[in-house]
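# Architecture at a glance
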Amino acid sequence: RSSIDDFSACPFLYRCESRYGLRKRFPLLYDPARAGNLLHKLWQDAWKQREQDRGLTFAKLCDDLWAAALADKYSALASDPRLSKRQLPRLREQARSVALLMDEMENGLAGSRLKSECEYKLPELEIDGVRFKGTADRVDFYDDGVVIIDYKSNISKSHMQELQLAAYAKVLKEMLGLNTLGFGWIGHRDAKLNGYFAKDSLRAAYLAVSKPRQSVNERIAAAEEVMVKMAEAVKAGVYPARYENKDACRTCGFQT
């Protein structure tokens, strides 16, 4: 999860993790963070090859590039029999399902998108002397704006209240003058995309499975509000806990 969403959930949680560098420690054999890095590497390499040869499908690229991404980002999935028996085939099947989703998505986007850039480093935005920076998993460019895509290991719908992509949209507008046509999350656990889109036609092209009540601009405004509060907190050095956020408190590793 992003820093802006940590701060929105609880400024004290943000202080512990992002400012102090503390992390909750989970004594789990399977490492979701490393699995996420593997999936990001896979799709980054797949998009790079597909930009060179549009005849390639993501289904084929997924199969061709899987071994290299696995060795680079999470080799223990294959070498540890406790992981290779269950977690490895599960993750690979999820990647294949997302590859098929993106192949279907590409059929609806053919000819309309100018280009796609993965691991797109955003320019820094300064708010009241505090700099915000980030890197988007993928940005699709069109004549009249951009669509921001984020890859997630879990269910896509669970990220609908997050503000990270809306904050990216704010940065792109302020720094590059780019209008955001939509943003969404592709979940590997459900192989679906959920998000916010300014046009129904674009929502349909991205195969988005829900139509949220809030608009793209409303989400961007919400992100901007949190960013302003973050800047104030950083300058003042004050990060009060949000005890009313029971969900954050329930899973917080810093109660003591």
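Below, the structure is looked at part by part. (Residues numbered from 1 in each chain as written. Predicted model: local features only at pLDDT ≥ 70, side-chain atom pairs only at ≥ 80, totals over all residues. Heavy atoms only, no water.)

### Some words on the overall build of the protein chain
For the protein chain, the count of helices and strands is 11 helices and seven strands. Over its C-alpha atoms the protein chain spans a radius of gyration of 19 Å, differing by no more than 12% from the 18 Å that the globule rule assigns to 256 residues. Principal-axis analysis of the C-alpha atoms gives the protein chain an extent of 55 × 50 × 30 Å. Taken over 256 residues, the protein chain has a buried fraction of 47%. Within the protein chain, residue pairs in contact and separated by at least 24 positions form 67% of the contacts whose partners lie at least 6 positions apart. When the accessible surface of the protein chain is split by element, carbon and sulfur atoms take 49% of a total near 13500 Å². (Helix = DSSP H or I, 4+ residues; strand = E, 2+ residues; numbered from the N terminus. Rg over C-alpha atoms; globule rule 2.2 N^0.38 Å. Buried < 20%, exposed > 50% of the residue type's maximum accessible area, 1.4 Å probe, protein only. Contact = heavy atoms within 4.5 Å. Areas by Shrake-Rupley, 256 points an atom, 1.4 Å probe, with all protein chains shown as cover.)

### Details of the pattern of salt bridges
Using the criterion set out here, one finds 24 salt bridges in the structure. For Lys199, the salt bridge goes to Asp144, with nearest N and O atoms at 2.9 Å. Linking Lys199 in the loop between strand E7 (192–197) and helix H9 (200–205) with Asp144 in the loop between strand E4 (135–142) and strand E5 (145–152), this pair joins segments that are 55 residues apart in sequence. Salt-bridge contacts for Arg242 lead to Glu244; the nearest nitrogen and oxygen are separated by 3.1 Å. (Salt bridge = Lys/Arg side-chain N within 4 Å of Asp/Glu carboxyl O.)

### Considering the environment of Ala241
If you trace the backbone, Ala241 turns up in the loop between helix H10 (216–236) and helix H11 (246–251). A relative accessible area of 25% places Ala241 in the partly exposed class. Through-space distance from the C-alpha of Ala241 to that of Ala208 is 35 Å; in sequence the pair is 33 residues apart. Excluding residues that lie within four positions of it along the chain, Ala241 makes contacts with Cys10 and Phe12.

### Focus on the packing of helix H3 (residues 32–52) against helix H4 (residues 58–73)
The interhelical angle for the contact between H3 and H4, taken along N-to-C directions, is 135°, at an axis separation of 8 Å. With respect to H4, the axis of H3 lies oblique. Here H3 runs over H4; the crossing is right-handed. Residues Arg34, Asn37, Leu38, Leu39, Lys41, Leu42, Trp43, Asp45, Ala46, Trp47, Gln49 and Arg50 of H3 pack against Phe58, Leu61, Cys62, Leu65, Trp66, Ala69, Leu70, Asp72 and Lys73 of H4. (Axes fitted to C-alpha atoms, helices over the stretch in contact; angles between N-to-C directions. Parallel < 35°, antiparallel > 145°, perpendicular 65-115°, else oblique. Left-handed = near helix turned anticlockwise from the far one by under 90°.)

### A short note on helix H7 (residues 87–109)
With 23 residues, H7 ought to run about 33 Å at 1.5 Å a step, and its terminal C-alpha atoms sit 33 Å apart, in line with that. Note on H7: the residue one or two positions beyond its end, Gly111, has a positive phi of about 90°. (Expected span 1.5 Å × (residues − 1).)

### Some points on unusual backbone geometry
The backbone of Ala191 shows a phi angle near 50°, a positive value even though the residue is not glycine. Its location among the elements puts Ala191 in the loop between strand E6 (180–187) and E7. Looking at Ala191, the relative accessible area reads 19%, which means it is buried.

### Quick notes on the packing of aromatic side chains
Taken as a whole and assessed by the stated rule, the structure comprises 10 aromatic pairs. An angle of 70° between the planes, with centres 5.7 Å apart, marks the rings of Tyr120 and Phe141 as edge-to-face. Taken together, the residues Tyr120 in strand E1 (residues 115–121) and Phe141 in strand E4 connect sequence positions 21 residues apart. The buried category is assigned to Phe141, whose relative accessible area is 11%. Between Phe183 and Trp185 the ring centres are 6.1 Å apart and the planes differ by 85°, which places this aromatic pair in the edge-to-face class. The exposure classification of Phe183 matches that of Trp185, with both residues buried. A connected cluster of aromatic rings, assembled from ring pairs, spans Phe7, Tyr14 and Tyr239. The ring of Phe141 has Lys115 lying over it, and the distance from NZ or CZ to the ring centre is 4.9 Å. (Phe/Tyr/Trp six-rings, centres within 6.5 Å; stacked < 30°, edge-to-face > 60°. Lys NZ or Arg CZ within 6 Å of the ring centre and 35° of its normal.)

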